[in-house]
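# Structural overview
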Amino acid sequence: WRPSTFAVFVGIRSTLMFRKTIFWIHLGCGVAAGLVILMMSFTGVLLTYERQILAWAEQQHYVPESDQSTRLSLEQLHFIAQKERGDFNPNTIVVINDPGAPVSFTAARRGGGGGFSLNPYTGEKMETGSPILENFFTITTATHRRFNVTGENRELARGITGASNLMFLFLLISGMYLWVPKIWKWGMFRIRFAFRGTAGNSKARYFNWHHVFGIWSAIPLVFVVTTASVFYYPWANNLVYQVYDEDLPSQIEGPAPATRNTTTQLNVGSMPSIPEFLSFDQLFANAASYIEQSSNESSGGWRQISLTLPGETSNTINFAIDQGNGGEPHKRHNLVLSRETGEISIWQPFSSQSKGSQTRSIIRYLHTGEVLGILGQTIAGLVSLTSLFMVWTGLALAWRRLISPLYRKKSIPSA
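This one's a predicted model, so the numbers in the text were calculated from it and none came from an experiment.

### A few points about a positive patch on the surface
A cluster of basic side chains, namely Lys203, Arg205, Arg400 and Arg401, defines a positive patch on the protein surface. Examined against the element boundaries, Arg400 turns out to sit in helix H11 (residues 373-407).

Printed below as a string of structure tokens:
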């Protein structure tokens, strides 16, 4: 043999050994985490259209058009909310851009006492949503994240699902490598690209399904699984900001203001008296008008505006504006108005946040596909469904390779 021929032989042998090593690690991870991945994939399918289903359930309780008349002011509704529940101390008023939608009052998590909704025309308490559906999705989400385990074993369960998620990521990456056939011929690629209705036996059928489902869903699944790692591990969350050479932001800090129309600071101690403030309705109308005028055709108007109740002497009021479906962080903005004049004090669009904060916000909803709207949710749900077939066929092939030979009868040699 010539040296060049020997080098080619050694290279091919090394490649085959590497491929074999990756295969066995791939198989081991699949067997170890298969059932957990199966559970997360199944619950992921159930959660695909959670937002739309809950929104539909809420709309069933909206005030019909025949009962809509003159709306009560936000101050009147706030007074009724406090009178209805004396122990309730709301800090946010939520208004949905639908004439039949209720006006909701929510409170801080600590000592807030939850929240409730009022009919904007009568002030009567309104039922919202479906307790059965809400409970179903709450349990499904908890199962998806940590087997619905509570108490002292919660972190252990979360650790298992987190580790299984990482193994799933390895399975996807290594699977794409193993998908490439050893012999580069179109016939070998074809049986991995398309379903074969003429598969001779169950093993061939499972092999074909495993490869076809895997290659067509691999890329979307990589995004779904990688983004989930950010929720499980602090190092993955920190990595998002390190990519942009940013420090991890404090949880109590908001995004830096992008535009400040006035730099005058109010000295409360020097005020001779409390100034005359505009009503909540006037300020709300200013906020809604501003966002509608500044919106382009792609972003549309506003879907929901949350008004944070200010202190008695505060000269500004904050509005959190959502122009998307609730799962599109790039369509969420903050607007601060002067309570005296209604003019803009601070405008904080999504673009005013740092690149790291923007990416982290998007990652949360990239996992569910919601950041891309209904199309993204559908893709995320479909690849979760295909992963069920991938896990099932993978475990079936592993059973045939590892377990079935143990039960085969040894052939009796002929005399």
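There's plenty left to go through after this.
### So, the packing of helix H3 (residues 74-84) against helix H9 (residues 280-294)
The N-to-C vectors of H3 and H9 enclose an angle of 125°; their axes lie 7 Å apart at closest approach. In terms of their interaxial angle, H3 and H9 are classed as oblique. Facing H3, whose interface residues are Leu74, Glu75 and His78, H9 presents Phe280, Asp281 and Phe284. Residue composition of the contact of H3 with H9, by class: three nonpolar, one polar and two charged.

### So, the side chain of Arg339
Mapped onto the elements of the fold, Arg339 is located in the loop between strand E8 (332-338) and strand E9 (344-348). This buried residue, Arg339, is left without a salt bridge; Glu75 holds the nearest opposite charge, at 7.0 Å. Those residues in contact with Arg339 that lie beyond four places of it in its chain are Glu276, Phe277, Leu278, Phe280, Leu283, Pro310, Gly311, Glu312, Ser314, Asn315, Thr316 and Ile317.

### Focus: the environment of Ser338
Note on placement: Ser338 falls in strand E8. Relative accessible area serves as the criterion here: at 16%, Ser338 is assigned to the buried category. Between the C-alpha atom of Ser338 and that of Phe277, which follows or precedes it by 61 residues, the distance is 8.7 Å. Excluding residues that lie within four positions of it along the chain, Ser338 makes contacts with Leu283, Asn315, Glu343 and Ser345. At 3.4 Å, the side chain of Ser338 forms a polar contact with the side chain of Thr341.

### Brief notes about a nonpolar patch on the surface
Taken together, the side chains of Tyr49, Ile53, Ile374, Leu375 and Ile379 define a hydrophobic patch exposed on the protein surface, amounting to about 430 Å² of accessible area. For the nonpolar patch, the element with the highest residue contribution is H11, accounting for three residues. As for its position among the elements, Ile379 is in helix H11. Judged by relative accessible area, which is 38%, Ile379 ranks as partly exposed.

### Looking at the packing of helix H4 (residues 131-146) against helix H5 (residues 154-179)
Close contact between H4 and H5 brings their axes to 7 Å; oriented N to C, the two are set at 70°. In terms of orientation, H4 and H5 fall into the roughly perpendicular class. Contact with H4, carried on its side by His144, Arg145 and Arg146, involves Arg154, Ala157, Arg158 and Thr161 of H5 and no other residues of that element. Its residues assigned to classes, the contact of H4 with H5 shows one nonpolar, two polar and four charged.

### Topic: the confidence of the model for the chain
Across the chain, the average pLDDT comes to 86, with 84% of residues at or above 70. A low-confidence stretch, residues 252-272 stays under pLDDT 50, and its non-local contacts, those more than four residues away or across chains, total 22 contacts.

Rules and cut-offs
All residue numbers refer to positions counted from 1 along the written sequence of the respective chain. Since the coordinates come from a predicted model, pLDDT governs what is reported: local features require at least 70, and pairs of side-chain atoms require 80 or more to be given and counted, while whole-chain, interface and lining totals use all residues. Computation of side-chain values covers all heavy atoms of the structure but excludes hydrogens and water. Each patch is assembled from residues with relative accessible area greater than 30% and no salt bridge, linking like charges that lie within 9 Å and nonpolar side chains (Val, Leu, Ile, Met, Phe, Trp, Tyr) that lie within 5 Å. Each accessible area is a Shrake-Rupley result for a 1.4 Å probe, and residues are judged covered by the shown protein chains and nothing else. Basic side-chain nitrogens of Lys or Arg form a salt bridge, by our definition, when they fall within 4 Å of a carboxyl oxygen of Asp or Glu. In this tally, Asp and Glu contribute negative charge and Lys and Arg positive charge; neither His nor the terminal groups of the chain are included. By convention, charge coordinates are those of NZ in Lys, CZ in Arg, CG in Asp, or CD in Glu. Segments assigned H or I by DSSP are reported as helices when at least four residues long, segments assigned E as strands when at least two residues long, and all are numbered from the N terminus. Axis definition: a line fitted to C-alpha atoms, over the contacting stretch in the case of helices. Angles run 0 to 180 degrees between N-to-C directions. Angles are sorted into four bins: roughly parallel if under 35 degrees, roughly antiparallel if over 145, roughly perpendicular if 65 to 115, and oblique for all others. Two residues qualify as a contact provided that any one of their heavy atoms is within 4.5 Å of a heavy atom in the partner residue. All residues other than Ala, Val, Leu, Ile, Met, Phe, Trp, Tyr, Cys, Pro, Asp, Glu, Lys and Arg, Gly among them, are scored as polar; the first ten of these are nonpolar and the last four charged. Whether a residue is buried, partly exposed or exposed follows from its accessible area with a 1.4 Å probe, protein chains only, as a fraction of its type maximum: under 20%, in between, or over 50%, in that order. Whenever a nitrogen or oxygen atom comes within 3.5 Å of another N or O atom, the pair is scored as a polar contact, on the condition that within protein one atom can donate a hydrogen and the other can accept it, and that pairs from neighbouring residues in sequence are kept only if both atoms are in side chains. One number per residue, pLDDT, summarises how confident the predictor is, and it ranges from 0 to 100.

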